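A closer look at the structure
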Amino acid sequence: MRMMASSIVLGVGGQWLAWRLRVPAIRLLLTLGCLAGSVSGFINPDRMFGNLLQPLVSLAVGLILFDLPTQSSNTSVSGNSLTSPAVRGSALCSDVAAC
(Lines give C-alpha, C1' and ligand atoms only; values in the text may rest on other atoms or scores of the structure.)
Protein backbone atom coordinates (compact mmCIF):
# COMPACT_ATOMS: atom_id res chain seq x y z
CA MET A 1 0.00 0.00 0.00
CA ARG A 2 2.89 2.34 0.80
CA MET A 3 4.45 1.79 -2.62
CA MET A 4 1.18 2.52 -4.42
CA ALA A 5 0.63 5.74 -2.46
CA SER A 6 4.25 6.78 -3.03
CA SER A 7 3.99 6.22 -6.78
CA ILE A 8 0.79 8.28 -6.95
CA VAL A 9 2.37 11.11 -4.95
CA LEU A 10 5.50 11.04 -7.14
CA GLY A 11 3.41 11.03 -10.32
CA VAL A 12 1.14 13.90 -9.31
CA GLY A 13 4.07 15.85 -7.85
CA GLY A 14 6.13 15.26 -10.97
CA GLN A 15 3.31 16.43 -13.22
CA TRP A 16 2.84 19.57 -11.16
CA LEU A 17 6.58 20.31 -11.00
CA ALA A 18 6.91 19.85 -14.77
CA TRP A 19 4.02 22.24 -15.29
CA ARG A 20 5.61 24.83 -13.00
CA LEU A 21 9.04 24.48 -14.62
CA ARG A 22 7.51 24.37 -18.11
CA VAL A 23 9.39 21.26 -19.12
CA PRO A 24 7.92 18.15 -20.78
CA ALA A 25 6.33 16.05 -18.08
CA ILE A 26 7.61 12.79 -19.54
CA ARG A 27 11.23 13.80 -18.92
CA LEU A 28 10.64 14.58 -15.26
CA LEU A 29 8.40 11.54 -14.71
CA LEU A 30 10.96 9.19 -16.28
CA THR A 31 13.70 10.65 -14.10
CA LEU A 32 11.59 10.33 -10.95
CA GLY A 33 10.61 6.79 -11.90
CA CYS A 34 14.21 5.75 -12.43
CA LEU A 35 15.27 7.29 -9.14
CA ALA A 36 12.40 5.75 -7.16
CA GLY A 37 12.60 2.33 -8.80
CA SER A 38 15.88 1.15 -10.19
CA VAL A 39 18.30 3.49 -8.39
CA SER A 40 16.94 3.53 -4.82
CA GLY A 41 14.73 0.43 -4.88
CA PHE A 42 12.05 2.34 -2.96
CA ILE A 43 9.31 1.21 -5.36
CA ASN A 44 9.28 -2.41 -6.57
CA PRO A 45 6.82 -2.92 -9.45
CA ASP A 46 7.11 -6.72 -9.31
CA ARG A 47 5.85 -6.77 -5.72
CA MET A 48 3.24 -4.10 -6.37
CA PHE A 49 1.59 -5.61 -9.48
CA GLY A 50 2.74 -9.25 -9.55
CA ASN A 51 1.62 -11.10 -12.68
CA LEU A 52 -0.23 -8.04 -14.00
CA LEU A 53 2.98 -6.05 -14.55
CA GLN A 54 3.72 -7.32 -18.07
CA PRO A 55 0.16 -6.81 -19.43
CA LEU A 56 -0.05 -3.34 -17.86
CA VAL A 57 3.27 -2.30 -19.39
CA SER A 58 2.18 -3.63 -22.79
CA LEU A 59 -1.10 -1.76 -22.57
CA ALA A 60 0.65 1.48 -21.54
CA VAL A 61 3.18 1.22 -24.39
CA GLY A 62 0.37 0.57 -26.87
CA LEU A 63 -1.58 3.59 -25.68
CA ILE A 64 1.48 5.82 -25.88
CA LEU A 65 2.40 4.62 -29.37
CA PHE A 66 -1.12 5.03 -30.75
CA ASP A 67 -1.61 8.40 -29.05
CA LEU A 68 1.69 9.90 -30.26
CA PRO A 69 0.66 10.41 -33.91
CA THR A 70 -2.50 12.27 -32.87
CA GLN A 71 -0.50 14.66 -30.68
CA SER A 72 2.39 15.25 -33.06
CA SER A 73 0.44 15.71 -36.30
CA ASN A 74 0.09 19.48 -35.78
CA THR A 75 3.75 20.04 -34.88
CA SER A 76 5.12 18.20 -37.91
CA VAL A 77 2.98 20.33 -40.24
CA SER A 78 3.99 23.61 -38.62
CA GLY A 79 7.68 23.04 -39.37
CA ASN A 80 8.95 24.00 -35.94
CA SER A 81 12.13 21.96 -35.76
CA LEU A 82 12.53 22.20 -31.98
CA THR A 83 9.22 20.48 -31.32
CA SER A 84 9.33 17.99 -34.17
CA PRO A 85 8.67 14.32 -33.31
CA ALA A 86 12.26 13.39 -34.16
CA VAL A 87 13.70 15.89 -31.67
CA ARG A 88 11.24 14.85 -28.96
CA GLY A 89 11.94 11.19 -29.63
CA SER A 90 15.68 11.66 -29.29
CA ALA A 91 15.19 13.54 -26.01
CA LEU A 92 13.01 10.70 -24.74
CA CYS A 93 15.60 8.11 -25.73
CA SER A 94 18.29 10.01 -23.86
CA ASP A 95 16.15 9.98 -20.71
CA VAL A 96 15.43 6.27 -21.02
CA ALA A 97 19.11 5.52 -21.63
CA ALA A 98 19.97 7.32 -18.42
CA CYS A 99 18.01 4.72 -16.44
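To keep things clear, this report deals only with the structure shown in the data block. Since this is a predicted model, take the numbers as computed values, not measurements. (Residues numbered from 1 in each chain as written. Predicted model: local features only at pLDDT ≥ 70, side-chain atom pairs only at ≥ 80, totals over all residues. Heavy atoms only, no water.)

Quick look at helix α2 (residues 25-39)
Rule in force here: Runs of E in the DSSP output that reach at least two residues are strands. Runs of H or I that reach at least four are helices, and both are numbered from the N terminus. In this scheme, a helix's expected span is set at 1.5 Å multiplied by one less than its residue total. Contacts were defined at the residue level, with two residues in contact if any of their heavy atoms lie within 4.5 Å.
Relative to the 21 Å expected for 15 residues at 1.5 Å per residue, α2 spans 20 Å between its end C-alpha atoms, a close match to the ideal helical length. Along its buried surface, α2 packs onto α1 (2-21). Looking one or two places after α2, you find Gly-41, whose phi comes out positive at around 75°.

Quick notes on a nonpolar patch on the surface
As a reminder of what qualifies: Patches draw on residues past 30% relative accessible area with no salt bridge. Two like charges within 9 Å are joined, as are two nonpolar side chains (Val, Leu, Ile, Met, Phe, Trp, Tyr) within 5 Å. Surface exposure here means Shrake-Rupley accessible area, sampled with a 1.4 Å probe, where a residue is shielded only by the protein chains that are shown. Here a salt bridge means any side-chain nitrogen of Lys or Arg lying within 4 Å of a carboxyl oxygen belonging to Asp or Glu.
Taken together, the side chains of Met-4, Ile-8, Val-12, Phe-49, Leu-52, Leu-56, Leu-59 and Leu-63 define a hydrophobic patch exposed on the protein surface, amounting to about 740 Å² of accessible area. Listed by contribution, the elements that provide at least two residues to the nonpolar patch are α1 and α4 (53-78). Within the secondary structure layout, Leu-59 lies in helix α4.

A short note on the packing of α1 against α2
Describing two packed helices takes the angle between their axes plus the distance from one axis to the other. Note the cut-off: To obtain an axis, a line is fitted to C-alpha atoms, over the contacting stretch when the element is a helix, and the angle between two such axes runs from 0 to 180 degrees between their N-to-C directions. If you view the pair so one helix is near and one far, a crossing is left-handed when the near helix is turned anticlockwise from the far one by less than a right angle, and right-handed when it is turned clockwise. The nonpolar class holds Ala, Val, Leu, Ile, Met, Phe, Trp, Tyr, Cys and Pro. Asp, Glu, Lys and Arg form the charged class, and all remaining residues, Gly among them, are polar.
Orientation of α1 relative to α2, taken along the N-to-C sense of each, is 145°, at an axis distance of 9 Å. In terms of crossing hand, the pair formed by α1 and α2 is right-handed. In contact with Leu-10, Gly-11, Gly-14, Gln-15, Leu-17 and Ala-18 of α1, α2 contributes Ala-25, Leu-28, Leu-29, Leu-32 and Ala-36. Its residues placed into classes, the contact of α1 with α2 shows eight nonpolar, three polar and no charged.

Focus on α1
One full turn of an α-helix is made of 3.6 residues, so residues set three or four places apart face in the same direction. Note the cut-off: Burial status follows relative accessibility: with a 1.4 Å probe on protein chains alone, a residue under 20% of its type maximum counts as buried, one over 50% as exposed, and anything between as partly exposed. Read the arc as the range of directions from the helix axis to the C-beta atoms.
Between its first and last C-alpha atoms α1 spans 28 Å; for 20 residues at 1.5 Å apiece the expected length is 28 Å, and the two agree. Among the residues of α1, Met-3, Ser-6, Gly-14 and Ala-18 are the ones counted as buried. The arc that holds every buried residue of α1, seen down its axis, measures 90°, which confines them to one face. Of the exposed residues in α1, those oriented more than 90 degrees away from the buried face are Val-9, Val-12, Trp-16, Trp-19 and Arg-20.

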